[in-house]
Amino acid sequence: MTWIARLGSLAVVLLLWRVERFAEACSCSPAHPQQAFCNADVVIKAKVVGVKVVDAGNDIYGNTIKRIKYDIKQIKMFKGPDRDIDAIFTPPSSAMCGVTLETNGKKEYLFTGKLVADGTMHVTLCDFFESWEAMSPTQKKSLTQRYESGCGCKIIRCTSIPCAISAPEECLWTDWVMEKNHSGPQAKHFACIKRSDASCAWYRGEAPPKKDFLDIEDP
């Protein structure tokens, strides 16, 4: 094999490696806490009390799939099955969308996640999870009623100006373009709620929304 052919083969190998690395990278769009609540199978408040690596079957090539199992102590369930959740599972690295949590049993978290066929709860970086202490009073209050009442609405994430909604049941989420992060005022203090005319609008405040209200009303 000539040196040109060897270089060509090496280039192909490097290209395939880069493609594989890219394919394995975690990629998902940030979700407003209300979206995360509505899309989740389970929403709970819990402490993490232990962690270990476990086998989770095999992939199509016969390789063992590893998962991180976090043992948790459930404090409150806001959405989910009629039983306590005692563990959550996540991929083993952030590149695979795995989450890293404190395991000393002192920090309280809010978790949103999915239930799989065997009944276990799985959480990734694409789900919303946050320390309970870091959440705003409005976010905490919204977990019990407001977010659920807005699940018929659709939150549209604005990534650049101009941006606009295309239907009356949509709310425009502008935290990224206004604050350059996804934990801005709309994420912290607002919920997208359906009004009496079936349109949706942002609502601010901890009190239950009135039947009719204006956008970004602060009661």
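Residues numbered from 1 in each chain as written. Predicted model: local features only at pLDDT ≥ 70, side-chain atom pairs only at ≥ 80, totals over all residues. Heavy atoms only, no water.

Trainee: What is the right way to read empty space enclosed by the protein from this model?
Mentor: The method is simple in principle: a probe with the dimensions of a water molecule rolls over the atoms, and the space it marks as empty is what remains. Scanning all chains against the criterion turns up one cavity of 30 Å³ or more. Approximately 40 Å³ is the volume found for the largest cavity. At the level of elements, α2 (33–39) and β4 (108–115) are the ones that each hand at least two residues to the lining of the largest cavity. Each residue belonging to the lining of the largest cavity can be placed in one class, and the counts come to seven nonpolar, two polar and no charged. (1 Å grid on protein atoms, 1.4 Å probe; cavity = no way out; pocket = protein on both sides within 12 Å on 5 of 7 lines; lining within 4 Å. Points joined across faces, edges and corners; volume = space filled by probe spheres on them. Helix = DSSP H or I, 4+ residues; strand = E, 2+ residues; numbered from the N terminus. Nonpolar A, V, L, I, M, F, W, Y, C, P; charged D, E, K, R; others polar.)

Trainee: Just to check I follow, could you spell out the environment of P185 for this structure?
Mentor: Counting through the fold element by element, P185 comes out in helix α6 (residues 185–189). A sequence separation of 49 residues divides P185 from S136, and the C-alpha atoms of the two residues are 9.9 Å apart. When residues no more than four places from it in sequence are discounted, the contact partners of P185 are D175, E179 and F190. (Contact = heavy atoms within 4.5 Å.)

Trainee: Hey, could you run me through the confidence of the model for the chain in this one?
Mentor: Residues with a pLDDT of 70 or more make up 82% of the chain, whose mean pLDDT is 85. Note on residues 3–23: pLDDT under 50 across the span, and two contacts to partners over four residues away in sequence or across chains. (pLDDT = per-residue confidence, 0-100.)

Trainee: Which parts of the structure should I look at to understand the layout of surface pockets?
Mentor: Here the largest pocket defines a volume of roughly 280 Å³. If you go around the largest pocket, you meet 16 residues; those closest to its centre are P30, A31, D127, F128 and H182. Those elements that provide at least two residues to the lining of the largest pocket are β6 (129–131) and α6. Across the lining of the largest pocket, the residue classes tally to nine nonpolar, four polar and three charged.

Trainee: Can you help me understand the state of the cysteines in this one?
Mentor: A covalent bond between the sulfur atoms of two cysteines is what we call a disulfide. Taken as a whole and judged by the stated rule, the model has six disulfides. Between the sulfur atoms of C26 and its disulfide mate C97 the distance is 1.9 Å. Judged by the sign of its S-S torsion, about 105 degrees, the cystine formed by C26 and C97 is right-handed. Of this pair, C26 sits in the loop between α1 (3–24) and α2 while C97 sits in the loop between β3 (87–90) and β4, placing them 71 residues apart in sequence. On the accessibility criterion, C97 (12% relative accessible area) is buried. Here C158 connects covalently by a disulfide to C163, the sulfurs 1.9 Å from one another. (Disulfide = S-S within 2.5 Å. Buried < 20%, exposed > 50% of the residue type's maximum accessible area, 1.4 Å probe, protein only.)

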